[in-house]
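Breakdown of the fold
Chain residues, written in single-letter form:
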Amino acid sequence: MTIFSGIQPTGNITIGNYLGAIKNWVEMQKTENGCIFCIVDSHAITVPQDPNILKEAILTTLAAYIASGIDAEKSIVYNQSKVHQHTELAWIFNCITPIGWLNRMTQFKDKAGKNKEKASAGLYTYPVLMAADILLFHADKVPVGEDQKQHVELARDIAGAFNRRFDVEYFSMPEFITNKTTTRIMSLRDGTKKMSKSDPSDMSRINLTDDNDTISKKIRKATTDSIEGIYFDEEQRPEVSNLINIYAAFTGKSIAAIVEHFTSKQNNEFKQELIDIIIAEIQPIREKIIKLRQHDDHLKEILGKNAEKAGLLAEKTIQEVRDLVGFL
Ligand code: TYM
């Protein structure tokens, strides 16, 4: 079985990325040998990036993968731009993807905002490159957060369009997989908005590189409401429900069990326990990230070696695709 997923090396990796994606990858890696975890730097440049910051972010993302438990010997871990077949396949897919399908993509609408005319063509065709990432390796499963569901569905549509166009059964359908307990971690400032590495407010998220005091401060200051008691109601109490969700995702406990545990307790007791739980898991990860970043040459070597492995698999697919398309 082949599993493929990726994270953009932009900003700080948050507990949203960790709980929605990485934690799940670490679980899957325990039983599966065919895991490929990419650092999608070609996706990152669909919006402007400072070149020096991008280089740093690629290394920190790799460090975060390894520090969280991804094994770069067992799984393939590399940055996308090193394997040129991603963009080659994306071009071919661009030529079979109707514009109407891209117009439906909600992430483009969110990211381009009011300035649609000024957004890059790359941002618009972003989901096509994502389909190429997944199909280049004939991935069976794609473990991501809920926000990427529409993109994985598009990858399935593109696989179907390719097969129909060339009258083959070449690409099979990749499956969207999400964390059992949590699919969506929300902002700590606004429970109706996704926690995001690109949110201008750092108080809206917890980064894997935050120190203990910062984690503590961010949870203590997290928006809640004035309703008594701790209970789960995403409609009426989105912020409190989000904190319960985070608690559930870190501990693996059910929402019902958590609510029961806090029935007669105060908001501040709940927050203090949540802080302790987050720190217990994030502190060792942060410390490993810092250690790994002291040996950037080693990290670059890991990227190089793994890109070679990925390149071999990718080349096989691209050769077959070239032949099907009619290239000599
Ligand atoms: P990106 O970099 O935005 O996010 C990386 C992963 O983290 C998940 N995630 C969240 N999960 C729960 N709650 C949140 N608040 C939250 N924020 C982010 C995302 O769902 C994702 O799994 N397009 C992708 C990267 C990508 C990719 C791929 C993924 C490119 N090619 C191929 C899978 C397969 C993205 O922007 O992720």
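These remarks concern the structure in this document. (Residues numbered from 1 in each chain as written. Predicted model: local features only at pLDDT ≥ 70, side-chain atom pairs only at ≥ 80, totals over all residues. Heavy atoms only, no water.)

1. Considerations on the pattern of salt bridges
Summed over the entire model, instances satisfying the criterion amount to 12 salt bridges. A salt bridge links R293 to E56, with the shortest nitrogen-to-oxygen separation between them at 2.8 Å. Residue R293 is located in the loop between α13 (267-292) and α14 (296-325), and its partner E56 is located in helix α3 (residues 51-68); the two are separated by 237 residues in the primary sequence. A relative accessible area of 43% places E56 in the partly exposed class. Note that E320 is salt-bridged to K316, the shortest N-O span being 3.0 Å. In this pair, E320 and K316 both sit in helix α14, four residues apart, roughly one turn of the helix. Among the residues examined, E320 registers a relative accessible area of 28% and is labelled partly exposed. (Salt bridge = Lys/Arg side-chain N within 4 Å of Asp/Glu carboxyl O. Helix = DSSP H or I, 4+ residues; strand = E, 2+ residues; numbered from the N terminus. Buried < 20%, exposed > 50% of the residue type's maximum accessible area, 1.4 Å probe, protein only.)

2. A look at a positive patch on the surface
A grouping of R189, K217, R220 and K221 is seen on the molecular surface, where their side chains present a positively charged patch. Looking at the element boundaries, R189 is found in the loop between β5 (175-177) and α10 (212-220). (Patch = residues over 30% accessible without salt bridge, like charges linked within 9 Å, V, L, I, M, F, W, Y side chains within 5 Å. Areas by Shrake-Rupley, 256 points an atom, 1.4 Å probe, with all protein chains shown as cover. Lys, Arg positive; Asp, Glu negative; His and termini not counted. Charge placed at Lys NZ, Arg CZ, Asp CG, Glu CD.)

3. With respect to the site of the ligand
The immediate surroundings of the ligand are formed by 26 residues, with Y126, D133, D147, I185 and K197 found nearest. Residue N17 places a side-chain N or O atom 3.1 Å away from an oxygen atom belonging to the ligand. Here M195 contributes a backbone N or O atom positioned 3.0 Å from a nitrogen atom of the ligand. In the complex, 97% of the free accessible area of the ligand, which totals 710 Å², lies under the protein chains. At the level of secondary structure, the elements contributing two or more residues to the shell around the ligand comprise β1 (2-7), α1 (15-31) and α8 (126-136). Considering only residue class, the shell around the ligand consists of 11 nonpolar, 10 polar and five charged. (Near = heavy atom within 4 Å. Polar contact = N/O pair within 3.5 Å; in protein donor to acceptor, adjacent residues only side chain to side chain. Nonpolar A, V, L, I, M, F, W, Y, C, P; charged D, E, K, R; others polar.)

4. As for the nonpolar core
Formed by 60 residues in total, the largest nonpolar core has its most connected members in I15, Y65, L208, I246, F250, I278 and I282. The element best represented in this core is α13, accounting for 10 residues. In contact with I246, not counting residues within four places along its chain, are I15, L19, I185, L188, L274 and I278. Among the nonpolar cores identified, the runner-up in size contains 42 residues, and I92, F93, M105 and I158 belong to it. (Core = buried A, V, L, I, M, F, W, Y, C linked by side-chain atoms within 4.5 Å. Contact = heavy atoms within 4.5 Å.)

5. Comments concerning the pairing of strand β2 (residues 34-39)
With five of six residues buried, β2 lies mostly within the body of the structure. One ladder, built from six bridges, connects β1 with β2; its direction is parallel. Counterpart to F4 in the pairing with β2 is I36. Sheet analysis places β2 next to strand β3 (residues 76-79), joined by four bridges and oriented parallel. Paired with I39 across the strands is N79, a residue of β3. (Pairing = 2+ DSSP bridges.)

6. Some remarks on the packing of α8 against helix α9 (residues 149-166)
Between α8 and α9, the shortest axis-to-axis distance is 9 Å and the interhelical angle comes to 70 degrees. Here α8 is positioned roughly perpendicular relative to α9, judged by the angle of their axes. In this structure, α8 contributes Y126, P127, V128, M130, A131, I134 and L135 to the contact, and α9 contributes H151, V152, L154, A155, I158 and A159. Its residues assigned to classes, the contact of α8 with α9 shows 12 nonpolar, one polar and no charged. (Axes fitted to C-alpha atoms, helices over the stretch in contact; angles between N-to-C directions. Parallel < 35°, antiparallel > 145°, perpendicular 65-115°, else oblique.)

7. Examining the side chain of R237
Its place among the elements puts R237 in the loop between α10 and α11 (238-251). Here G229 takes part through its backbone oxygen, which lies 3.0 Å from a polar atom of the side chain of R237. The contacts of R237, once residues within four sequence positions are left out, are D225, I227, E228, G229, I230 and Y231.

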